[in-house]
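# Structural description and commentary
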There are 2 protein chains.
Amino acid sequence: MIITFLGTAASSPTATRGLPSVAVRRKDQLFLFDCGEGTQRQIIIARIGLISELKIFVSHIHGDHVLGLPGLFQSMSLFNRTAPLKLYGPTGLGDFVKTFLDSPKFSLTFPIEIREVDEGIIYSEKEYLIKTAWVEHTIPTLAFAIIENQRPGIFYPERAEALNIPKGPLWSKLQKEGKINLGRKIIRSDQVTGPPRSGRKVVYSADTRPCESILKLAEEADVLIYEATFDDKLSKKANEMYHSTPSQAAKIAKEANVKRLILTHIGGRYFNSEKLLEKARLIFPKIDVAEDFMEIEVLYTD
Amino acid sequence: MIITFLGTAASSPTATRGLPSVAVRRKDQLFLFDCGEGTQRQIIIARIGLISELKIFVSHIHGDHVLGLPGLFQSMSLFNRTAPLKLYGPTGLGDFVKTFLDSPKFSLTFPIEIREVDEGIIYSEKEYLIKTAWVEHTIPTLAFAIIENQRPGIFYPERAEALNIPKGPLWSKLQKEGKINLGRKIIRSDQVTGPPRSGRKVVYSADTRPCESILKLAEEADVLIYEATFDDKLSKKANEMYHSTPSQAAKIAKEANVKRLILTHIGGRYFNSEKLLEKARLIFPKIDVAEDFMEIEVLYTD
C-alpha cells in the first residue's frame with residue numbers, strides 16, 4: 001500500500017499546502033479520503049491515475065473536505081470515465097452531490113453509487129475491509145480504517161515433501177484453501193505452513209477531538225493519519241473547536257499502539273513542522289507531519 | 001493596472017496550469033475575471049491581497065469557471081471579511097451562488113451583491129467603466145472590458161503663468177475641473193493644457209467562437225485576453241465546440257487594432273506555447289500565451 005498526501009492544510013489552503021485529501025493505492029485499487037478544493041490537480045501533479053476501482057470516502061460535509069468533488073467528477077466525465085464510482089460518507093453526502101450535479105448543470109459519463117454509512121464495517125471483500133467510527137467534530141464526522149485480512153502462513157516445502165504431497169498446484173491449493181485430500185488422507189495447511197501472517201491496517205481520521213472511538217479504531221494500526229489543526233499551546237481552543245493538537249494525537253497513537261503516526265490538516269499558521277512536534281515526539285517518537293505529495297509505503301511486518 | 005494570470009487551463013487543470021481566473025489590480029481595486037477551482041490558492045501564491053474593493057466577473061456558469069467561488073467565499077468568511085463583495089455575471093449566477101451557500105451549509109461574514117447583467121455598460125464610476133458583450137459559446141457567455149475614461153491633458157505651467165493664474169491649487173483645479181473663474185474672466189483648461197489623454201482598456205473574453213461582438217468590444221484595447229482552447233489545425237473542432245484557435249484570436253486582435261494579445265484557456269494537450277503561436281504570430285505579432293502567475297503591467301500610452 002502506498003499513501004500519498006494530496007492536501008495537508010486545514011480549512012484554507014496555503015502556498016505550500018492544498019486542502020485535505022489522502023490517496024491510498026492498494027494493488028489495482030485507489031482509495032481517496034476526503035476531496036478538498038484542488039484535489040483533482042494534486043492528483044495530476046502526483047501522477048496518480050484515476051483508475052476504475054476508485055472509492056472515495058468523505059469524513060464530513062464541510063467545504064474544505066468536499067469542494068473538490070464537483071470538479072473531479074466533471075474532469076472524469078470530460079475524460080469519459082464509464083466505470084462506476086463508489087462514494088461513502090455520512091448523511092448529507094447524497095444531497096451535496098445531487099446539488100452540485102444540478103448547478104452548474106453537467107452530464108456525468110459514469111454512475112455514482114453513494115452510500116451514506118453509519119459506524120461499523122461498511123465494505124468488505126476477500127482481502128480487506130473498510131471500517132468506520134464516529135468521531136467528535138462539530139457535525140457528524142467519520143474516521144475510516146482499511147483493514148487487511150490475515151494472509152496465509154509461510155509455506156515450508158520440506159514439510160510438504162515429507163508428507164509426500166506432489167510438488168505443483170496442490171501446494172498452493174493447500175496454502176490458500178486450508179486443506180486438501182491426498183488419497184484417503186486429509187491434510188491441513190497448518191501441517192505445512194507457519195501461523196497466519198497479519199495484514200496491514202491504515203486509519204484516517206479527519207477533524208476530531210481526541211475520543212474513545214478513534215482510539216479503538218486505531219488499535220494496532222500500521223499507520224494512523226490524524227489531524228493537528230492547532231499546536232499544543234492552543235489545546236483549549238482546539239477543544240472548543242472540536243480539533244486536536246500534536247500531543248493529543250501522540251497520546252492516541254501511543255495508547256492505540258500504532259506503529260506510525262502522521263499528522264495532517266495542519267493549521268495555516270504553522271510553518272515549522274519540527275517545532276509542532278517538539279512535545280508530541282516525547283510521547284510518541286514515530287511521528288511526522290505530512291507535507292503535500294509525501295508518500296509512505298506501508299509494508300507487511302511479517 | 002497589473003494583470004495577473006491565476007489560472008490558464010481550459011476545462012481541466014494540468015500540472016502547470018490552474019483553472020481559469022485572471023486578476024486585474026487598479027489602484028486600490030481588485031477585479032477578478034472568472035474563478036475556477038483552486039483560484040483561492042493561486043491568489044495566495046501570487047500574493048494578491050483580497051482587498052475590500054473586490055469585484056468578481058463571471059463569464060459563464062460552467063464548472064471550470066465558477067467552482068472556485070464556494071471555497072473562496074468560505075475562506076474570506078474564515079478571515080472575517082465584512083466588506084460587501086460584488087459579483088457580476090449572466091443569468092443563473094444568483095442560483096448557482098444560492099445553491100452552494102446552502103450545501104455544504106456555511107455562514108458568510110460579508111454581504112454579496114449579485115448582479116445578473118446583460119450586454120452594455122454594467123458599472124461606471126469617475127475614472128472607469130465596465131462594459132460587457134455577449135459572445136458565442138454553448139451557454140450565455142459574457143466578455144468584459146475595463147475602460148478608463150480620458151485623463152486631463154498635460155498641464156503647461158508657462159501658459160498658466162502667461163495668463164497670470166497664481167501658482168497653487170487653482171492650477172490643479174483648472175486641469176481637473178475644466179474651467180476656473182479668475183477675477184471676472186473664465187479660463188478654460190484647454191488654454192493651459194494639451195488635449196485629453198486616453199485611458200487604458202483591458203478586455204477579457206473567456207470561451208467563445210470568433211464573433212462580431214468581441215471584435216467590437218475589443219476595439220483599440222491595450223490588452224486583449226482571449227481564449228485558445230484548440231490549435232490552428234483543430235479549427236473545425238473549435239468551431240463545433242464554440243471555442244477559438246490562436247490564428248482566429250490573432251485575426252480579431254488585428255481587426256480590432258489592439259496593442260497586445262494574450263491567449264489563455266489553453267487546451268490540456270498543448271505543452272509548447274511557441275508552437276501554438278507559429279501561424280498566429282504572422283497575423284498579429286504582439287501575441288503571447290499566458291502562463292500561470294504571469295504578470296503584465298498596462299501602462300498609459302500618452
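Residues numbered from 1 in each chain as written. Chains lettered and ligands numbered in written order. Predicted model: local features only at pLDDT ≥ 70, side-chain atom pairs only at ≥ 80, totals over all residues.

After a rotation of 180° and a shift along the axis of 0.0 Å, chain B superposes on chain A with an RMSD of 0.1 Å. The symmetry that links the two subunits is that of a two-fold axis. Across chain B, the rotation axis passes nearest the C-alpha of B:Gly38, at a separation of 2.5 Å. (Least-squares fit on C-alpha atoms with pLDDT ≥ 70 in both.)

With that settled, consider the sheet that holds strand S16 (residues 295–297) of chain A. Residue and element names in this part refer to chain A. The strand order across the open sheet built from seven strands is S6-S5-S4-S3-S2-S1-S16, with neighbouring strands paired in mixed fashion. Unpaired on one side and paired on the other, strand S6 (112–116) and S16 mark the two borders of the sheet. In this sheet, neighbouring strand axes are inclined to one another by 20° on average, regardless of whether the strands run parallel or antiparallel. Pairing between strand S4 (residues 54–57) and strand S5 (residues 85–89): three bridges, direction parallel. Residue Ile56 lies in a different strand from S5, and its bridge partner there is Leu87. Across the sheet, helix H4 (residues 93–102) lies against S5 and S6, angled at about 145° from S6, the strand it touches most. (Pairing = 2+ DSSP bridges. Helix = DSSP H or I, 4+ residues; strand = E, 2+ residues; numbered from the N terminus. Axes fitted to C-alpha atoms, helices over the stretch in contact; angles between N-to-C directions. Contact = placed C-beta atoms within 7 Å.)

Quick look at the pairing of strand S4 (residues 54–57) of chain B now. Residue and element names in this part refer to chain B. Note: strand S3 (residues 29–33) against S4, four bridges, orientation parallel. Bridge assignment links Leu32 to a residue of S4, and that residue is Ile56. Regarding topology, helix H1 (residues 39–45) serves as the crossover connection from S3 to the parallel S4, and that connection is right-handed. (Right-handed = clockwise from strand over helix to strand, strands pointing away.)

Here chain A is partitioned into domain 1 (2–151 + 197–297) and domain 2 (157–191). Computed over C-alpha atoms only, the centres of domain 1 of chain A and domain 2 of chain A are separated by 43 Å. (Domains from an automatic or database assignment.)

This part is about H4(A). Residues and elements named next belong to chain A. For H4, the set of buried residues is Leu93, Phe96, Val97 and Phe100. On an axial view of H4, the arc spanned by its buried residues comes to 95°, and they lie on one face. Exposed residues lying more than 90 degrees from the buried face of H4 are Lys98 and Asp102. Check the buried side of H4 and you find it contacts helix H2 (63–66), helix H3 (69–78), S5 and S6. (Buried ≥ 20, exposed ≤ 12 C-beta atoms within 10 Å, placed from the backbone. Arc of directions from axis to C-beta.)

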